[in-house]
Amino acid sequence: ISLLKFDFFFFLGFTVQFLVIITGLADAEFGLTIAAIPVTVLILFMAAFWTRRENKIGMVAIIFLYFCAMAYFIFKLARMYQPSRKDDYLPVRKSLTSFAVITIVLIVLTIINASVCMANFDKGLKPHIMKRKIGGEEAAEKMDNMTELPDLKHGAHGPVSSRMTID
């Protein structure tokens, strides 16, 4: 999940920089870049969703989409260095290149991490994550008792502090 948060920052950071700074483009590539924002958010949320549910089909689809995203960022990186587009990207080439390279590295790491997570499916994590209660009624009663102040009327152990105890 932490890796997905980094992905979110760098994916959207690159895309928003591209949209805000590179304003001279009005072709299909610009429309594709605008469409990449909601698609990126959806992919990252679905990656977390399918990982928590341990759904292999969903994860295979997400890994495929990660490869598509990697191709997109490699395309954008190559596009910035084409001689015909040199003037469009010259003022921000360093910044966009940094974001693109970091994003590509993060995508590779995310693909590896997603594959490892998928290999660990059905090994006991899902019941742990999906558990809603903490132990049932006995544990809830014990938790309630842990936060109460001691009974000052029946303090059999000498002077009783008015502070709550940790244990």
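So, here's what we can say about the structure. Note that the structure is predicted; figures quoted are calculated from it, not measured. (Residues numbered from 1 in each chain as written. Predicted model: local features only at pLDDT ≥ 70, side-chain atom pairs only at ≥ 80, totals over all residues. Heavy atoms only, no water.)

**Describing helix 2 (residues 28–53)**
For helix 2, spanning 26 residues, the distance from its first C-alpha to its last is 36 Å, which sits close to the expected 38 Å at 1.5 Å a residue. Roughly 30° is the biggest bend found in helix 2, and it falls at A36, with proline P38 one to four residues downstream. Residues of helix 2 that are buried: E29, T33, A36, T40, I43, L44, A47 and A48. Its buried side turned inward, helix 2 meets helix 1 (2–21), helix 3 (56–80) and helix 4 (86–89). E54 sits one or two positions beyond helix 2 and adopts a positive phi of about 55°. (Helix = DSSP H or I, 4+ residues; strand = E, 2+ residues; numbered from the N terminus. Expected span 1.5 Å × (residues − 1). Bend = angle between axes of the 7 residues up to and from the residue. Buried < 20%, exposed > 50% of the residue type's maximum accessible area, 1.4 Å probe, protein only. Contact = heavy atoms within 4.5 Å.)

**Quick look at the pattern of salt bridges**
Close approach of charged atoms allows side chains of opposite charge to pair. Following the criterion strictly, the structure yields one salt bridge and no others. Across the pair K56 and D122 runs a salt bridge, and its minimum N-O distance is 3.9 Å. Of this pair, K56 sits in helix 3 while D122 is found in the loop between helix 5 (93–119) and helix 6 (125–130), placing the two residues 66 residues apart along the sequence. (Salt bridge = Lys/Arg side-chain N within 4 Å of Asp/Glu carboxyl O.)

**A word on the nonpolar core**
In globular proteins that are soluble, nonpolar side chains generally tend to be buried together. Counting 31 residues, the largest nonpolar core has F14, Y66, F73, M80, L96 and I107 as its most contacted members. Considering every element that reaches this core, the biggest residue donor is helix 3, with 10 residues. When residues no more than four places from it in sequence are discounted, the contact partners of Y66 are L4, I43, L44, A47, I107, T110, I111 and A114. (Core = buried A, V, L, I, M, F, W, Y, C linked by side-chain atoms within 4.5 Å.)

**Brief notes about a nonpolar patch on the surface**
A surface patch of nonpolar side chains, about 470 Å² in accessible area, is lined by V101, V105, V108, L109, I112 and V116. Counting through the fold element by element, L109 comes out in helix 5. (Patch = residues over 30% accessible without salt bridge, like charges linked within 9 Å, V, L, I, M, F, W, Y side chains within 5 Å. Areas by Shrake-Rupley, 256 points an atom, 1.4 Å probe, with all protein chains shown as cover.)

**Details of unusual backbone geometry**
Of note, the phi angle at E54 is positive, near 55°, even though the residue is not glycine. Its location among the elements puts E54 in the loop between helix 2 and helix 3. By relative accessible area, which is 13% here, E54 ends up buried. In this structure, D122 is a non-glycine residue whose phi angle is positive, near 65°. Overall, the relative accessible area of 61% leaves D122 in the exposed class.

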